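Close look at the chain arrangement
The chain contents come next:
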Amino acid sequence: MNAPAGAALACRNCGQALRVLALQGHYGRALEIDLCAPCHLLWFDAIEGAHLAGPSLLRLVGEMAQAQSLPHTPLKPQLGCLRCAGPLHTVHNPSRYGASLQLECTQRHGAWQSFGQFLHQKGLVRPMNSADRHRALQRDGALHCVNCGGGIGQGDTVCSWCGSVPAVVDVARLALALDPEGATRQHAVHRQRGEAGALSCAACGAAQPAEGGWACTSCGATLTVPGLAEAHRQVSALGPALRAHAERPAPHVVQERLARQQPALQRQRDRAREMQKEADRASGRVPPKERDGWFDIEMIGMAVDLLRWLGRLVFRLWH
Ligand SMILES: [Zn+2]
Ligand SMILES: [Zn+2]
Ligand SMILES: [Zn+2]
Ligand SMILES: [Zn+2]
């Protein structure tokens, strides 16, 4: 039996009611994502994943960060589709940031993704290296899982609670994903960057000591952060500007949008013209060369027909 979209459903793993998040996708398209807090799972009805940005992505990151305060419920080896309870298969999504996984309904109703898998697919996390571990331990005295928020032992290669690979959040990438159009470009959070193993600050270029903290010793910019909650706290500052931008984009952004769409529109026009030519050629109608201005020729033809018909009408009324 298929359950209708929109109603709060029970998680197929733990049985608790899912949180239905009403969000907005690209171009304001309404989008619902179901979140299970104890399982640290997301359900997407659209199997291609959600194209979230702006306030919606910020909200989702906030919800995930909050859910990490709950202890992780281990996932069943045989999780079912949220809609039909049917079997799932593992799909490897090639993304710009390497392959990521999701568990997809074989009937294509949608897919489950762990918080960590979602963040990985968006390129918002990178594996925690030994320097990161060192810094996290120095700063917080503990390591936390980016998927479930659980504590990670210093030498653990996977989280003992949820099995995720320990990772750090790339705050600069998160800021960019939140604001791909650069409406908040001037904000300091965009200067925060964490390259794998990089020991120089991307904001000011200053070399960083291996035993340093999370912030640049020279300019204070954040390099990476060890957990989702901290990352969310950092990018929350963008919230008001992102919401304002979503409602009324700044003029420079509108101009950039139009400029970006221009080549695509031209390609569409060219393609339509090509298709028309091919169809004409195939049907043996007017040869392609004479197609230019066909609209005018046709209009003139119609006008002539109309005049003839009017002429006949007048002639008949007169006689
Ligand atoms: Zn659950
Ligand atoms: Zn299904
Ligand atoms: Zn974990
Ligand atoms: Zn710096």
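In this report, the structure presented in the accompanying data block is examined. (Residues numbered from 1 in each chain as written. Chains lettered and ligands numbered in written order. Predicted model: local features only at pLDDT ≥ 70, side-chain atom pairs only at ≥ 80, totals over all residues. Heavy atoms only, no water.)

The next subject is the overall build of the chain. When helices and strands are counted, the chain shows eight helices and 10 strands. Per-residue burial over the chain gives 39% buried out of 319 residues. Surface summary for the chain: the accessible area is close to 17,900 Å², and the carbon and sulfur share equals 57%. (Helix = DSSP H or I, 4+ residues; strand = E, 2+ residues; numbered from the N terminus. Buried < 20%, exposed > 50% of the residue type's maximum accessible area, 1.4 Å probe, protein only. Areas by Shrake-Rupley, 256 points an atom, 1.4 Å probe, with all protein chains shown as cover.)

Attention now goes to the pattern of salt bridges. Within the structure shown, the criterion is met by eight salt bridges. The partner of arginine 59 in a salt bridge is glutamate 63, and the shortest N-O contact between them spans 3.7 Å. Linking arginine 59 with glutamate 63, this pair stays in helix α1 (residues 54-67), spanning four residues, or about one helical turn. Glutamate 63 gets classed as buried once you look at its relative accessible area, which sits at 10%. (Salt bridge = Lys/Arg side-chain N within 4 Å of Asp/Glu carboxyl O.)

Tracing the backbone through its elements, the reader meets arginine 133 in helix α3 (residues 130-140). Summary of buried charges: arginine 133 has no salt-bridge partner, and the nearest side chain of opposite charge, aspartate 156, is 6.6 Å away. Within the structure, arginine 133 has its side chain in polar contact with the backbone oxygen of glutamine 154 (distance 2.8 Å). Residues contacting arginine 133, with those up to four places away along its chain left out, are Met128, Leu143, Gly153, Gln154, Gly155, Asp156, Thr157 and Pro166. (Lys, Arg positive; Asp, Glu negative; His and termini not counted. Polar contact = N/O pair within 3.5 Å; in protein donor to acceptor, adjacent residues only side chain to side chain. Contact = heavy atoms within 4.5 Å.)

This brings us to the packing of aromatic side chains. In total, this model carries two aromatic pairs according to the counting rule given. Ring geometry for tryptophan 43 against tryptophan 112: centres 5.1 Å apart, planes inclined by 70 degrees, an arrangement best described as edge-to-face. Separated by 69 residues along the polypeptide, tryptophan 43 in strand β3 (residues 41-44) and tryptophan 112 in strand β6 (residues 111-114) bring together distant segments of the chain. Accessibility expressed as a relative area gives 0% for tryptophan 43, which makes it buried. An angle of 20 degrees between the planes, with centres 5.8 Å apart, marks the rings of phenylalanine 44 and phenylalanine 118 as stacked. (Phe/Tyr/Trp six-rings, centres within 6.5 Å; stacked < 30°, edge-to-face > 60°.)

Moving on, we come to the packing of α1 against helix α6 (residues 239-247). Relative orientation and spacing of two packed helices are given, respectively, by the angle between their axes and the distance between those axes. Packing of α1 against α6 leaves a shortest axis separation of 8 Å and a crossing angle of 140 degrees. Our classification of the angle between α1 and α6 gives oblique. The segment α1 lies against α6, with Gly54, Pro55 and Leu58 engaging Gly239, Leu242, Arg243 and Ala246. Class assignment of the residues belonging to the contact of α1 with α6 gives a composition of four nonpolar, two polar and one charged. (Axes fitted to C-alpha atoms, helices over the stretch in contact; angles between N-to-C directions. Parallel < 35°, antiparallel > 145°, perpendicular 65-115°, else oblique. Nonpolar A, V, L, I, M, F, W, Y, C, P; charged D, E, K, R; others polar.)

Another aspect to go through is the coordination of the zinc ion (ligand 2). Within the first shell, the zinc ion (ligand 2) binds the protein through Cys81 (SG), Cys84 (SG), Cys105 (SG) and His109 (ND1), at distances of 2.0 to 2.3 Å. In this structure, the zinc ion (ligand 2) is coordinated by four donor atoms arranged in tetrahedral fashion, with angles at the metal of 102 to 119 degrees. In terms of primary sequence, the donors binding the zinc ion (ligand 2) are separated according to C-x2-C-x20-C-x3-H. Of this pair, cysteine 84 sits in the loop between α1 and β4 (88-95) while cysteine 105 sits in strand β5 (residues 98-105), placing them 21 residues apart in sequence. By relative accessible area, cysteine 84 is classed as buried at 17%. Cysteine 105 sits in the buried class, given a relative accessible area of 0%. (Donors = N, O, S within 2.8 Å, 3.2 Å for Na, K, Ca; no water. Tetrahedral: all angles 85-135°; square planar, octahedral: opposite > 155°, others 65-115°.)

What follows covers the environment of alanine 167. Tracing the sequence through the fold places alanine 167 in strand β10 (residues 167-169). Residue alanine 167 is classed as buried on the basis of its relative accessible area of 5%. It is 5.3 Å that separates the C-alpha atoms of alanine 167 and arginine 126, two residues lying 41 residues apart in sequence. Sequence-distant contacts of alanine 167, defined by excluding residues within four places in its chain, comprise Val125, Arg126, Pro127, Met128, Val146 and Pro226.

This next bit is on the pairing of strand β1 (residues 19-24). Two strands pair when backbone bridges link them, and β1 and strand β2 (residues 30-36) are joined in this way by six bridges, in the antiparallel orientation. Bridge pairing links valine 20 to aspartate 34 in β2. The turn linking β1 back onto β2 is made up of five residues, and tyrosine 27 within it adopts a positive phi angle of 55 degrees. (Pairing = 2+ DSSP bridges.)

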